[in-house]
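The chain contents come next:
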Amino acid sequence: MYINIDYEKCNSLNCLECLDLCPMQVFEIKNNHLVIENIDACCGCLACQEVCSYDAISLSY
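Trainee: Is there a simple way to think about the pairing of strand β1 (residues 2-5) in this case?
Mentor: Successive side chains on a regular strand alternate, one facing one side of the sheet and the next facing the other. Side chains Ile3 and Ile5 of β1 all project onto a buried face; the interleaved residues Tyr2 and Asn4 project onto a face where none is buried. Of the pairings in the sheet, the one linking β1 to strand β4 (residues 57-60) comprises 4 bridges and is antiparallel in character. Note that in β4 the partner of Ile5 across the bridge is Ile57.

Trainee: I would appreciate a short explanation of the side chain of Ser12 in the present structure.
Mentor: When you line up the elements, Ser12 lands in the loop between β1 and α1 (17-21). Residue class for Ser12 comes out buried when judged on its relative accessible area of 9%. Within the structure, the side chain of Ser12 is placed 3.4 Å from the backbone nitrogen of Leu34, a separation counted as a polar contact. Apart from the residues lying within four places of it in its own chain, the contact partners of Ser12 are Ile29, Asn32, His33 and Leu34.

Trainee: What is the right way to read the pattern of salt bridges from this model?
Mentor: Side chains carrying opposite charge are able to pair once their charged atoms draw close together. This model, assessed by the stated rule, comprises 1 salt bridge. Residue Glu37 pairs with Lys30 through a salt bridge whose shortest N-O separation is 2.9 Å. Residue class for Glu37 comes out partly exposed when judged on its relative accessible area of 37%.

Trainee: Would you mind going over the confidence of the model for the protein chain with me for this structure?
Mentor: Averaged over all residues, the pLDDT of the protein chain equals 94, while 100% of them reach at least 70. Within the protein chain, strand β3 (residues 33-36) has the poorest average pLDDT of any element, 93, and helix α2 (residues 47-51) the best, 96.

Trainee: Explanation requested: the environment of Gly44 in the structure shown.
Mentor: With respect to the element layout, Gly44 can be found in the loop between β3 and α2. Measuring from C-alpha to C-alpha, the distance between Gly44 and Leu59 comes to 7.7 Å, with 15 residues separating the pair along the chain. If we skip the residues at most four places from it in the chain, Gly44 touches Met1, Leu59 and Tyr61.

Trainee: Would you take a moment to explain the pairing of β3 for this structure?
Mentor: As judged from the 4 bridges shared by strand β2 (residues 27-30) and β3, these two strands associate in the antiparallel manner. Bridge pairing in β3 links Ile29 to Leu34. Hairpin remark: β2 followed by β3, antiparallel, with 2 residues in the connecting loop; positive phi at Asn31, about 50 degrees.

The rules behind the values
Residues numbered from 1 in each chain as written. Predicted model: local features only at pLDDT ≥ 70, side-chain atom pairs only at ≥ 80, totals over all residues. Heavy atoms only, no water. Buried < 20%, exposed > 50% of the residue type's maximum accessible area, 1.4 Å probe, protein only. Helix = DSSP H or I, 4+ residues; strand = E, 2+ residues; numbered from the N terminus. Pairing = 2+ DSSP bridges. Polar contact = N/O pair within 3.5 Å; in protein donor to acceptor, adjacent residues only side chain to side chain. Contact = heavy atoms within 4.5 Å. Salt bridge = Lys/Arg side-chain N within 4 Å of Asp/Glu carboxyl O. pLDDT = per-residue confidence, 0-100.

Below, the structure written as structure tokens:
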């Protein structure tokens with residue numbers, strides 16, 4: 001599983017929808033940026049990708 005965050009599109013300072021929605025707590029905020037902190041916990045549900053209003057998150061297998 002690979003999660004890609006397009007930082008040119010991501011508005012993590014104002015949005016945080018993926019962080020709030022992720023049931024596995026894969027994401028965290030560090031230094032004012034969204035980061036993938038626990039990739040091993042990702043269950044591949046695609047919720048983060050679907051909720052992202054900025055199309056900044058994509059998952060691939």
